[in-house]
Amino acid sequence: MSTAVEQVIERVRQVYGSWKRDTTVAQMRQDWDTLFGGVPVDATLEDVNAGGVKAQWVGAPGADAQRVLLYFHGGGFQVGSLVSHREMMAQLSAAARCRVLGVDYRLAPEHRYPAALDDASAAWQWLIGQGFEPRHIALAGDSAGGGLALSLLLRLRDAGRPLPAAAVLMSAWTDLTASGASYGTRADSDPIHQRPMIVAMARNYLGKEGNPADPLVSPLFADLKGLPPLLAQVGDRETVLDDSRDFVARAKEAGVDATLQVWDHMIHVFQQFPAQLPEARAAIQDLGRFLRWHLAHPRAASRHPLKGAIPADRQSRIGGTSGSIPITPTHGDRHT
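First things first, this report covers the structure right here in the doc. (Residues numbered from 1 in each chain as written. Predicted model: local features only at pLDDT ≥ 70, side-chain atom pairs only at ≥ 80, totals over all residues. Heavy atoms only, no water.)

Let's shift gears to the pattern of salt bridges. Evaluated as defined, the whole model comprises nine salt bridges. Linking R106 and D119 is a salt bridge whose minimum nitrogen-to-oxygen distance equals 3.0 Å. With R106 in the loop between β4 (98–103) and α4 (115–129) and D119 in helix α4, this residue pair connects regions lying 13 residues apart in the sequence. Using a relative accessible area of 35% as the deciding quantity, one classes R106 as partly exposed. Residue D119 is classed as buried on the basis of its relative accessible area of 7%. (Salt bridge = Lys/Arg side-chain N within 4 Å of Asp/Glu carboxyl O. Helix = DSSP H or I, 4+ residues; strand = E, 2+ residues; numbered from the N terminus. Buried < 20%, exposed > 50% of the residue type's maximum accessible area, 1.4 Å probe, protein only.)

The omega angle of the peptide bond from A108 to P109 is 10 degrees, so this bond is cis rather than trans. The residue P109 is located in the loop between β4 and α4 in this model. Omega for the bond connecting Y113 with P114 falls within 30 degrees of zero, at 10 degrees, which places this linkage in the cis form. Here P114 shows up in the loop between β4 and α4. Unlike most non-glycine residues, R97 shows phi in positive territory, near 55 degrees. Structurally, R97 can be placed in the loop between α3 (86–96) and β4.

Strand order in this open sheet of eight strands is β1-β2-β4-β3-β5-β6-β7-β8, and the pairing throughout is mixed. The sheet terminates laterally at β1 (44–49) and β8 (258–263), the two strands that pair on one side only. Across the sheet, the mean angle separating the axes of adjacent strands is 20 degrees when strand polarity is ignored. Packing of helix α8 (residues 241–253) onto the sheet brings it into contact with β7 (230–235) and β8, and relative to β8 it is tilted by some 155 degrees. (Pairing = 2+ DSSP bridges. Axes fitted to C-alpha atoms, helices over the stretch in contact; angles between N-to-C directions. Contact = heavy atoms within 4.5 Å.)

The following block contains the structure:
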């Protein structure tokens, strides 16, 4: 197993291990920003008010100003920020060659569901009001932010609104009931996330009266028909592995062009460590290729594969309907 992965795990454990019962949410948020933030990025930054929601434009050199990736950070709906995920957004901007709008949605416990979804909706509507066409916008998110991106897609679809061109998901939290079999099969291999922790975060986000099986809370349980093309990445060591695996399976059953990448030996949102992990760098490049294709072509044209977009050694299919872009992780994939 990669020594680099173990070094990353130790960094994360040091932060999580410092948290006690009396550690405040404010301190946890500061620790997360310190853990993931503070890395200089090669991108322009611009704070904006996106329909009453704090947001930030992140643009790598050469990014197309007419193409947008609307990004929702992870953190269990309780931690995480534009600071903790700035490097991720800059990396995606460079890989996808578009600007990223990061959304600083409201967090629990101060603001429980549906505050985050309402903020995501407001940011989307602000982009539309700025003149961006839905076909020139894609959604992205990691962990809780991945689930939030899917919830936004469902809300837009149910309202009869035009949908974005595509969405990319990293270790998406799609099932707040924590019912996946991987909570058992990956309990020993996941160094951080165990089922009691996940259940507690869901309860904190929803409150006592919240329903974790609500399809807008847990997209795994939604009717997924009509969603745009999706690319989901997840690490093989994650207890939340089945949140991605089961979701993509259900999406494909509903006729969605959905592709799954399972990265061997990788942990939750491993893409946040591009300086340490070559797998993170390769995964981000795959996300970028997927996004460039779908942002450059109307959804009606997405049937036509992007020839030569993915290196030959990564062109075997993992999942998706006929004609989606073939993408496979460099370091192996498993379907167990």
